[in-house]
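Listed below are the residues making up each chain.
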Amino acid sequence: MPFPLARIDGSICVDDFLPYTNLSIERALRLIPLEDDPESHRNLYAWFMNETGNEGIRFHGSTLPGVKFKHVAQRGIHVPSRHRYAATVTVAYNSLYSDNNDGARVDLGDGTWILYYSAHQNNSGGTTDMHWNQKLVNCLMDGVPVGVFLQQNSSSSSYLRFLAFVEEFNPENELFTLHGPVTPETEHLFASATPQAEMGGVGNG
């Protein structure tokens, strides 16, 4: 069951829900409900991994190869109709949330980075939109990745493309922390942060 966003009164992270779990694409695909089309999600994730670091348009209004649902919203968090999980997020340069570290990226030195993403609001300075943000919290809770479109400058219609896991949400500053890029070369870095010696023989994904 989803953890209601309204009940979050402190920072949460993926290890709160999945302390002994190695995050991976195959594990995530096993969690996608049949009615949400796991095969389309597989193709969506593959497209973003193949496009890692490439810059281009978002194909707004169309679909990606092998993906039956629209993959991107006009802005912000995109959730296919009636789906449990967000599919993509778009980080616009100088967005409504630019004073909140939205879009700030920190290199971790191991081939990955963390990216701060502001919770979706209904308008500038408006209330936080529970519906869209809840779908991103679902990704955090269950270890399901999202595609990321990151705009590099305000005058460009091109976006960098990545796949990332949602690893933290802080309701105080309303920031999500995304960890990426997820690629075949970096996927092993998304293993459980809990040392094997503390697992007590508990299996993981």
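As shown above, the structure is provided for reference.
Residues numbered from 1 in each chain as written. Predicted model: local features only at pLDDT ≥ 70, side-chain atom pairs only at ≥ 80, totals over all residues. Heavy atoms only, no water.

Can you help me understand the pairing of strand β4 (residues 88-91) in this one?
Two faces make up the sheet, and in a regular strand the side chains alternate between them. Residues Thr-88 and Thr-90 of β4 are buried on one face, and the alternating residues Val-89 and Val-91, pointing to the opposite face, are buried as well. Judged from the three bridges that link them, strand β3 (residues 76-78) and β4 form a sheet pairing that is antiparallel. Among the inter-strand pairings, Gly-76 is bridged to a residue of β4, identified as Thr-90. One ladder, built from four bridges, connects β4 with strand β7 (residues 146-151); its direction is parallel. Paired with Thr-88 across the two strands is Gly-147, which belongs to β7. (Buried < 20%, exposed > 50% of the residue type's maximum accessible area, 1.4 Å probe, protein only. Helix = DSSP H or I, 4+ residues; strand = E, 2+ residues; numbered from the N terminus. Pairing = 2+ DSSP bridges.)

For this particular structure, what's the right way to read helix α3 (residues 38-50)?
Given 3.6 residues per turn, any residue in an α-helix points the same way as the ones three and four places further on. Here α3 spans 18 Å end to end across 13 residues, near enough to the 18 Å set by a 1.5 Å rise per residue. Along α3, the residues classified as buried are Pro-38, Ser-40, His-41, Leu-44, Tyr-45, Trp-47, Phe-48 and Met-49. (Expected span 1.5 Å × (residues − 1).)

Which parts of the structure should I look at to understand the side chain of His-41?
Note that His-41 resides in helix α3. Of the residues examined, His-41 reaches a relative accessible area of 2% and is grouped as buried. The residues touching His-41, leaving out its near neighbours within four places in the chain, are Leu-29, Ile-32, Asp-36, Phe-69 and His-83. (Contact = heavy atoms within 4.5 Å.)

Please clarify how the nonpolar core should be interpreted in this entry.
Generally speaking, a soluble globular protein has its nonpolar side chains buried in company with each other. Ranked by internal contacts, the top residues of the largest apolar core, which has 50 residues, are Leu-136, Phe-176 and Leu-178. Elements supplying a minimum of two residues to this core: α2 (25-31), α3, β4, β6 (113-118), α4 (130-142), β7, β8 (159-170) and β9 (175-180). When residues in this core are grouped by element, the largest group, eight residues, is from β8. Filtering out sequence-adjacent residues up to four positions away, Leu-136 remains in contact with Ile-77, Ala-86, Val-89, Tyr-117, Val-146, Val-166 and Phe-176. (Core = buried A, V, L, I, M, F, W, Y, C linked by side-chain atoms within 4.5 Å.)

Sorry if this is basic, but what is going on with the environment of Phe-190 here?
For Phe-190, the location among the structural elements is in the segment after β9. For Phe-190, a relative accessible area of 2% translates into the label buried. On a C-alpha basis, the gap between Phe-190 and Gly-143 in space is 9.9 Å, while along the polypeptide they are 47 residues apart.

What's the story with the side chain of Thr-112 in this structure? I'm lost.
The residue Thr-112 is located in the loop between β5 (105-107) and β6 in this model. Overall, Thr-112 belongs to the buried group, its relative accessible area being 1%. A polar contact is formed between the side chain of Thr-112 and the side chain of Asp-110, at a distance of 2.6 Å. (Polar contact = N/O pair within 3.5 Å; in protein donor to acceptor, adjacent residues only side chain to side chain.)

How should the environment of His-78 be read in this particular structure?
Relative to the assigned elements, His-78 resides in strand β3. Of the residues examined, His-78 reaches a relative accessible area of 12% and is grouped as buried. Between the alpha carbons of His-78 and Trp-132 there is a distance of 7.6 Å; along the sequence they are 54 residues apart. Beyond its immediate stretch of four places on either side in the chain, His-78 contacts Lys-70, His-71, Val-72, Ala-73, Ala-86, Ala-87 and Thr-88.

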